[in-house]
Each structure stands twice: as C-alpha cells, then as structure tokens.
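Okay, here's what each chain looks like letter by letter:
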Amino acid sequence: MSISEFRAKVIGGTPLAGTFMKTPSVDMLEVLILSGLDFVCLDCEHAPFDRTTISACMALARAADFPVLVRVPSGAPENIGKALDDGAVGVVVPHVTSAEVAEKVARSARFGHGGRGYAGSTRWAGYATRAMPDVLAQSAAETVVIAQIEDPEAVEAADAIAATSGIDALFLGPADLSVAYGHDHQTSTDLQTAMERTGAAAKAHGKGYVTFVADADRAAAIRKHGFSMFFIASEHAWILQGARAQVAGIRELD
C-alpha cells in the first residue's frame with residue numbers, strides 16, 4: 001500500500017486493515033509498518049503525542065511510502081493543519097456532529113479561501129523543492145479526511161455529513177456511540193441501527209465506511225453493514241494479548 005493509492009482505496013471500498021498507535025515512538029511505528037498493515041493512525045486524541053514525535057513518525061512514514069493518519073484532538077484548524085504539514089496522509093476528526101461541523105473540518109484540510117494555510121516549506125510539501133501547482137494537485141489527490149460519527153446527533157445527520165464535499169469517509173465509533181446512547185456494551189439495537197443508517201449514508205454519497213474493531217472476527221461479523229476500513233485494536237492490545245498467551249503457556253508447565 002503506497003501513500004498515493006491510499007485515498008482511492010478508502011473511497012473505493014477495498015478492505016483495509018490498520019490500527020491506532022498509542023505509543024509515541026518512531027520505533028513502534030517502524031515495527032507496525034513491518035507487520036503488513038495497510039495503514040496506521042497516530043492517536044493524538046487519547047495518547048501523549050507531542051509535535052516532535054509526530055514529526056519523527058511522519059518522516060519515517062514518508063520515507064517508507066506508508067500511509068499514516070493522525071486522529072487529531074479536535075477539529076480545530078490548527079490541529080488539522082499541523083498534522084498535514086508534518087506529513088500525514090490524512091486526519092481522523094472526532095465528534096463531527098453536523099454538516100456545518102463537517103464543512104469546517106473539510107475546509108481546514110483543503111487549500112483554498114478560508115481553508116488550509118499554504119506553506120511550501122513543510123515536509124508534506126517537500127521543503128520548498130516543489131512547485132505550487134504540484135503541491136495543490138497532490139493535496140486534491142491524496143489528502144484523506146475521515147469524520148467520526150460517535151454522537152446520536154451525528155447519526156441523525158449522517159446523510160448530510162456524507163454529502164459534504166471534502167469528507168472522504170465516515171468513521172462510526174462504536175464505543176463512544178454506545179456510551180452516548182446510555183449503554184455499557186456494544187450489542188444494543190441502537191448501535192446496530194446507527195451502523196445501518198450511517199452505512200447507507202456513506203454508500204449513497206460514495207464515501208468510505210470505517211469503524212473500530214477488537215479483531216478480525218468482529219470485522220467479519222459487521223461487514224454486512226458496509227464497512228471496509230477497519231481500525232483493529234492497538235499495539236497496546238496486541239502486546240497484552242501476546243504476552244498473556246505466553247505467560248499462560250508457562251503457567252501450564254509442570
């Protein structure tokens with residue numbers, strides 16, 4: 001999976017496997033790239049990433065021609081701009097609750113009047129080695145903007161959010177949405193209905209449909225709703241699973 005082909009695959013519905021990276025370490029990203037994943041997303045909403053670490057991770061990602069997204073802490077323009085300037089192929093934006101919010105997010109990630117500030121001196125733009133038309137064309141072709149649907153009002157507005165120009169995919173957040181509906185589990189009819197409604201909106205407007213799953217079995221179980229891009233667990237979860245399995249094996253020794 002190269003950076004240049006990533007956006008087309010997100011929109012086109014190709015099954016994609018990625019994960020949230022919680023450890024702010026370029027070495028961890030290097031290991032995850034070697035695993036065969038299609039993409040990695042630095043979780044800057046729920047993990048302690050600083051600008052220097054993000055920059056180092058993006059230097060590796062660009063050198064490896066590997067798609068790395070950033071889940072920004074919020075949809076503020078400065079959060080989106082920093083992630084993209086550092087080299088992210090795109091952003092995952094939490095709590096997009098309406099078409100108005102979606103339009104602001106999309107504008108912040110796209111060049112143009114009132115949108116992303118143009119700087120040809122960033123890593124993403126090639127450190128002033130490339131012409132403006134080339135940089136603008138790359139943004140139009142490659143930048144991915146994923147809106148998280150994780151509030152009941154977002155589900156209600158899913159069709160309008162999906163119709164927003166500049167939004168490439170909808171990310172249904174099963175945990176946040178379940179909690180927002182008042183549940184302490186992810187098996188409610190509320191969540192199932194939200195999956196169906198949001199999936200229909202994404203399909204109607206030709207947008208990618210994304211979610212978080214604990215494992216591939218869960219991905220297979222909910223594929224019927226139209227999901228094609230899966231954020232599978234995190235490196236923390238995989239470290240724990242692997243370690244616990246080996247510890248259990250030692251405990252069973254005579």
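Here, every reference points to the structure presented above.
Residues numbered from 1 in each chain as written. Predicted model: local features only at pLDDT ≥ 70, side-chain atom pairs only at ≥ 80, totals over all residues. Heavy atoms only, no water.

**Q** A description of the overall build of the protein chain should follow, citing residues and the corresponding values.
**A** Of regular secondary structure, the protein chain possesses 12 helices and 8 strands. Scaling as 2.2 N^0.38, a compact globule of 254 residues should have a C-alpha radius of gyration of about 18 Å, and the protein chain matches this with 18 Å. By its C-alpha atoms, the protein chain is 65 × 40 × 30 Å across when sized along the principal axes. Burial analysis of the protein chain (254 residues in total) assigns 48% to the buried set. For the protein chain, restricting intrachain contacts to residue pairs at least 6 apart in sequence, the fraction spanning at least 24 positions comes to 62%. Positive and negative side-chain charges in the protein chain, numbering 21 and 30 respectively, have mean positions lying 5 Å apart. (Helix = DSSP H or I, 4+ residues; strand = E, 2+ residues; numbered from the N terminus. Rg over C-alpha atoms; globule rule 2.2 N^0.38 Å. Buried < 20%, exposed > 50% of the residue type's maximum accessible area, 1.4 Å probe, protein only. Contact = heavy atoms within 4.5 Å. Lys, Arg positive; Asp, Glu negative; His and termini not counted. Charge placed at Lys NZ, Arg CZ, Asp CG, Glu CD.)

**Q** Describe in detail the sheet that holds strand β2 (residues 39-43), supporting the description with residues and values.
**A** Strand order in the closed barrel made by the 8 strands is β1-β2-β3-β4-β5-β6-β7-β8, with parallel pairing throughout. The average angle at which neighbouring strand axes cross in this sheet is 25°, direction not considered. Inspection of the sheet shows β2 paired to strand β3 (residues 68-71) by 4 bridges, in the parallel sense. Following the sheet pairing, Val-40 is matched in β3 by Val-68. (Pairing = 2+ DSSP bridges. Axes fitted to C-alpha atoms, helices over the stretch in contact; angles between N-to-C directions.)

**Q** Pulling in residues and values, what's your account of the pairing of strand β4 (residues 90-93)?
**A** With burial as the criterion, each face of β4 is covered, one bearing Gly-90 and Val-92 and the other bearing Val-91 and Val-93. For β3 and β4, the ladder comprises 3 bridges, and the chain directions are parallel. Its bridge partner lying in β4, Val-70 is registered against Val-91. Handedness of the β3-helix α4 (residues 77-86)-β4 crossover: right-handed. The pairing of β4 with strand β5 (residues 144-149) spans 4 bridges and is parallel. When the bridges of β5 are listed, Val-93 appears paired with Ala-147. (Right-handed = clockwise from strand over helix to strand, strands pointing away.)

**Q** Which residues make up the state of the cysteines, and what values go with them?
**A** Taken as a whole and judged by the stated rule, the model has 0 disulfides. Looking at Cys-41, it has no disulfide partner, and the nearest cysteine sulfur is the one in Cys-44, 7.7 Å off. (Disulfide = S-S within 2.5 Å.)

**Q** I'd love a proper account of the side chain of Ser-98, names of residues and values included.
**A** In this fold, Ser-98 is placed in the loop between β4 and α5 (99-109). Assessed through its relative accessible area of 17%, Ser-98 is described here as buried. Every residue in contact with Ser-98, bar those within four places of it in the chain, is listed here: Ala-157 and Ile-161.

**Q** With reference to specific residues and values, describe the packing of aromatic side chains.
**A** Each aromatic ring pair is specified by the distance between its two centres and by the angle formed by the two planes. Enumeration according to the criterion identifies 9 aromatic pairs in this entry. Centre to centre, the rings of Phe-111 and Trp-124 are 6.0 Å apart; their planes meet at 45°, and the pair counts as tilted. Of this pair, Phe-111 sits in the loop between α5 and α6 (132-142) while Trp-124 sits in the loop between α5 and α6, and the two are 13 residues apart along the sequence. Above the plane of the ring of Trp-124 lies Arg-116, whose end atom (NZ or CZ) is 4.4 Å from the centre. (Phe/Tyr/Trp six-rings, centres within 6.5 Å; stacked < 30°, edge-to-face > 60°. Lys NZ or Arg CZ within 6 Å of the ring centre and 35° of its normal.)

**Q** Outline the packing of helix α1 (residues 3-12) against α6, supporting the account with residue identities and numerical values.
**A** Where α1 meets α6, the closest approach of the two axes is 8 Å, and the angle between their N-to-C directions is 40°. Classified by the angle their axes make, α1 and α6 are oblique. In this structure, α1 contributes Ile-3, Ser-4 and Arg-7 to the contact, and α6 contributes Ala-140, Ala-141 and Glu-142. Residues belonging to the contact of α1 with α6 are distributed by class as follows: 3 nonpolar, 1 polar and 2 charged. (Parallel < 35°, antiparallel > 145°, perpendicular 65-115°, else oblique. Nonpolar A, V, L, I, M, F, W, Y, C, P; charged D, E, K, R; others polar.)

**Q** Give me the lowdown on the packing of α4 against α5, citing residues and values where you can.
**A** At their nearest, the axes of α4 and α5 sit 9 Å apart, and the two run at 35° to each other. As for the relative orientation of α4 and α5, their crossing is right-handed in sense. Side by side, α4 and α5 meet where Pro-77, Ile-80 and Leu-84 of the first sit next to Val-105, Ser-108 and Ala-109 of the second. Classifying every residue of the contact of α4 with α5 by side-chain character gives 5 nonpolar, 1 polar and no charged. (Left-handed = near helix turned anticlockwise from the far one by under 90°.)

**Q** How would you sum up unusual backbone geometry? Please name residues and give values.
**A** Unlike most non-glycine residues, Asp-65 shows phi in positive territory, near 55°. Among the secondary structure elements, Asp-65 is positioned in the loop between α3 (51-64) and β3. The backbone of Tyr-127 sits at a positive phi, close to 55°, despite the residue not being glycine. Among the structural elements, Tyr-127 can be located in the loop between α5 and α6.

Keep in mind these numbers describe shape, not what the thing actually does.
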